[in-house]
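Structural characterization, general
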Amino acid sequence: MEKIIDEDKQGQPLVLDQNKNNQRKLFIESYGCQMNFSDSEIVASILAKEGFNTTQHLEDADLVLVNTCSIREKAEQTVRKRLEKYNAVKKINPGMKVGVLGCMAERLKSKFLEEEKIVDLVVGPDAYKDLPNLIEEVDAGRNAVNVVLSKEETYGDISPIRLQSNGVSAFVSITRGCDNMCTFCVVPFTRGRERSRDPQSILEEIDDLVNQNFKEITLLGQNVDSYLWYGGGLKKDFEKASDFQKATAINFAKLLDMTAKKHPKLRIRFSTSNPQDMTLDVIEVMAKHKNICKHIHLPIQSGSDRILKEMNRLHTRQEYIELVNNIKKIIPDCAITQDMIIGFPTETEEDHKDTLSLLEHIKYEHGYMYAYSERPGTLAERKLEDDVPEETKKRRLDEVIQLQRSHSAYRHQSYTGQTFEVLIEKESKKSDQHWSGRTTKNIVAIFPKENYKIGDFVMVRIDQCTSATLLGKAIGYSDNN
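This section reports on the structure supplied with the text.

Here is what the cut-offs are and how they apply
- Residues numbered from 1 in each chain as written.
- Predicted model: local features only at pLDDT ≥ 70, side-chain atom pairs only at ≥ 80, totals over all residues.
- Heavy atoms only, no water.
- Phe/Tyr/Trp six-rings, centres within 6.5 Å; stacked < 30°, edge-to-face > 60°.
- Buried < 20%, exposed > 50% of the residue type's maximum accessible area, 1.4 Å probe, protein only.
- Helix = DSSP H or I, 4+ residues; strand = E, 2+ residues; numbered from the N terminus.
- Lys NZ or Arg CZ within 6 Å of the ring centre and 35° of its normal.
- Pairing = 2+ DSSP bridges.
- Axes fitted to C-alpha atoms, helices over the stretch in contact; angles between N-to-C directions.
- Expected span 1.5 Å × (residues − 1).
- Contact = heavy atoms within 4.5 Å.
- Salt bridge = Lys/Arg side-chain N within 4 Å of Asp/Glu carboxyl O.
- Core = buried A, V, L, I, M, F, W, Y, C linked by side-chain atoms within 4.5 Å.
- 1 Å grid on protein atoms, 1.4 Å probe; cavity = no way out; pocket = protein on both sides within 12 Å on 5 of 7 lines; lining within 4 Å.
- Points joined across faces, edges and corners; volume = space filled by probe spheres on them.
- Nonpolar A, V, L, I, M, F, W, Y, C, P; charged D, E, K, R; others polar.
- Parallel < 35°, antiparallel > 145°, perpendicular 65-115°, else oblique.
- Left-handed = near helix turned anticlockwise from the far one by under 90°.

**Quick look at the packing of aromatic side chains**
Each pair of aromatic rings is reported with the distance of its centres and the angle of its planes. Applying the stated rule across the entire model yields 6 aromatic pairs. Measuring from ring centre to ring centre gives 5.2 Å for Tyr-230 and Phe-238, while their planes differ by 65°; the resulting arrangement is edge-to-face. The class of Tyr-230 is buried, set by a relative accessible area of 9%. A centroid spacing of 5.1 Å and a plane angle of 75° characterise the contact between Phe-344 and Tyr-372, whose relative ring orientation is edge-to-face. Note that Phe-344 is positioned in the loop between strand 17 (335–342) and helix 12 (349–362) and Tyr-372 in the loop between strand 18 (366–371) and helix 13 (379–383), a separation of 28 residues in sequence. Of the two residues examined, Phe-344 and Tyr-372, each falls in the buried class. The ring of Trp-435 has Lys-449 sitting right over it, with the charged end atom 4.6 Å from the ring centre.

**Looking at the sheet that holds strand 21 (residues 444–448)**
Reading around the barrel, the 5 strands line up as 19-20-21-23-22 and close back on themselves, with mixed pairing between neighbours. Adjacent strand axes in the sheet meet at a mean angle of 55°, parallel and antiparallel pairs treated alike. When strand 22 (residues 457–465) meets strand 23 (residues 469–477), the two strands line up antiparallel, connected through 7 bridges. Note that in strand 23 the partner of Arg-461 across the bridge is Lys-473.

**Some points on helix 6 (residues 199–211)**
Over its 13 residues, helix 6 extends 18 Å from the first C-alpha to the last, a length consistent with the 18 Å expected when each residue adds 1.5 Å. What helix 6 keeps buried is the set Pro-199, Ser-201, Ile-202, Leu-203, Glu-205, Ile-206, Asp-207 and Leu-209. Where helix 6 is buried, its residues contact strand 9 (169–173), strand 12 (216–220), strand 13 (228–229), strand 14 (250–251) and helix 8 (252–262). Among the residues trailing helix 6, Asn-213 stands out with phi positive, at a value near 75°.

**A look at the sheet that holds strand 9**
Read from one edge to the other, the open sheet built from 3 strands follows the order 9-12-15, with strand pairing classed as parallel. This sheet does not close on itself; its edge strands, each paired only once, are strand 9 and strand 15 (267–271). For this sheet the average axis-to-axis angle between neighbouring strands, irrespective of direction, equals 25°. Pairing geometry for strand 12 and strand 15, over 5 bridges, is parallel. For Thr-218, the partnering residue across the bridge sits in strand 15 and is Arg-269.

**Looking at the pattern of salt bridges**
Pairing between side chains of opposite charge can happen when the charged atoms of each approach one another. In total, this model carries 39 salt bridges according to the counting rule given. A salt bridge links Lys-261 to Asp-257, with the shortest nitrogen-to-oxygen separation between them at 3.2 Å. In this pair, Lys-261 and Asp-257 are both assigned in helix 8, 4 residues apart and thus about one turn of the helix distant. Here Lys-261 falls in the exposed class, since its relative accessible area comes to 55%. Through salt bridges with shared partners, a single ionic network connects Glu-216, Arg-267, Arg-269, Glu-421, Glu-425 and Arg-438.

**Observations concerning the nonpolar core**
Side chains that are nonpolar tend, in soluble globular proteins, to be buried together. Membership of the largest hydrophobic core comes to 50 residues, with the highest contact counts inside it found for Leu-219, Phe-252, Leu-256 and Phe-270. Setting aside residues no more than four positions away along its own chain, Phe-270 makes contact with Thr-218, Leu-219, Val-224, Phe-252, Leu-256, Met-278, Val-282, Met-286, Ile-292 and Ile-296. Within the second largest apolar cluster, 25 residues are counted, among which are Leu-101, Ile-135, Val-138 and Ile-161.

**A few points about empty space enclosed by the protein**
Under the counting rule described, the total for this entry stands at 4 cavities of 30 Å³ or more. For the largest cavity, the calculated volume is near 70 Å³. Of all elements in the fold, only helix 1 (34–48) and strand 9 reach the threshold of two or more residues within the lining of the largest cavity. The dominant element in the lining of the largest cavity, judged by the number of residues it contributes, is helix 1, at 3 residues. Residues that form the lining of the largest cavity fall into these classes: 5 nonpolar, 3 polar and 5 charged. Quantified by volume, the second largest cavity comes out at close to 40 Å³. Taken together, Arg-24, Phe-52, Asp-62, Leu-63, Lys-97, Leu-121, Ile-135, Val-138 and Asp-139 form the lining of the second largest cavity. No other element matches helix 4 (residues 131–139), which puts 3 residues into the lining of the second largest cavity. Classifying every residue of the lining of the second largest cavity gives 5 nonpolar, no polar and 4 charged.

**Considering the layout of surface pockets**
One number sums up the size of the second largest pocket: a volume of about 390 Å³. Around the second largest pocket sit 17 residues that line it, and Arg-267, Lys-290, Asn-291, Glu-421 and Thr-440 are the ones nearest its centre. Element by element, the count of residues in the lining of the second largest pocket is highest for strand 19 (residues 419–427), at 3 residues.

**Re the pairing of strand 18**
Pairing analysis gives 6 bridges linking strand 17 to strand 18, with the strands arranged parallel. Paired with Asp-339 across the bridge in strand 18 is Tyr-368.

**Thoughts on the packing of helix 8 against helix 9 (residues 280–288)**
Contact geometry for helix 8 and helix 9: axes closest at 8 Å, N-to-C directions at 10°. Here helix 8 is positioned roughly parallel relative to helix 9, judged by the angle of their axes. Of the two elements, helix 8 crosses helix 9, and the hand of that crossing is right-handed. Residues Phe-252, Ala-253, Leu-256, Asp-257 and Lys-261 of helix 8 pack against Asp-281, Val-282, Val-285, Met-286 and Lys-288 of helix 9. For the contact of helix 8 with helix 9, the per-class residue count stands at 6 nonpolar, no polar and 4 charged.

As structure tokens, this is what we get:
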């Protein structure tokens, strides 16, 4: 493989792995969660062995794949618009094949392939190793589909090709699937039951990234705190494991500790955490290691106990607050961020006020907030009427967003005058004279370039801020270089 420098849609440099012997071109786009972006890197690696190099240019592609998300209606609408675009290009380049990967695959396979005839192949999240066979079918002029879910597949034996890479940060997938049956979520049905990846394969992938001079990794899973390796198998079957398997099992805290010890200069992040599964041993490992970022993304979804119960979130408001209090006790400067779903079925004004009061109590660093949209195939769609009017959802969402913005500004304002280590990731979108990077708290910091370069760890004194960004000046390299 050789490294090719290309540009992304914003003109930022990208480092692409290319095989000069490959004759066909793959264009792949990802939507939704970070797991989808990580999966696309696995797909690119599988197809590289089948003669495909990735391209950033749709018009050049022999095969176009879109990795889809079913979590929110907007993501599905975006994918449909992209499929329209692909098919417009296909009229000019009739040899081009189009496929859908990921979470929309199972639900819409018949619609896409047979009714609307807008794709040539449909592949579910556990079937990517079957892509060579499916592409053979498509090349022979037949539609191809595989959406079978697996109890074993973790892709631990695939070395991902880093797409959209700045050469600095990379995702490392550690679990697949989810056992938490939140009523708003389709993931257990599209990605299957939860299973963990062999820690040896995880550490080998991280070793490879360090050897390529990557400076930061994010350990990924639908629910990273549930990571549990006892020799293979589903998480739910751990109770049937042998005494030896139980005694030698590796949980998320142990995996985190092993990774941080092995690579003390590598920045480590993880996402996403579920409050009901996060244990204090994880927080204690974070506190022990300087290179584990002091940021936890801890979705709450609602501040109302009644709504949490309707969502089948297996924790209460008070249990969540106690967890946050314990995090702050062990790591006082840890940043906490949230996910919120506004206007879930049966949500009353009182429930909404509970959400606002929780926000006020915790004052999150940042958040991702969305109005509820009913997702086909979820328990909520089957059992609950989407009864909150759209205008009510919009008004409540606006109130939550405005409150979160004020809290983000409050948190960021408190950092002015302080100095943070920042890992330079790219050029600022607004100025070619400034670098952009993130602090350990996952906040973007912008500062003049001077003689620093992408991949450097620098100490940045914060002079001012917005609700989303810190602005400052580099005062020297950190001792992490």
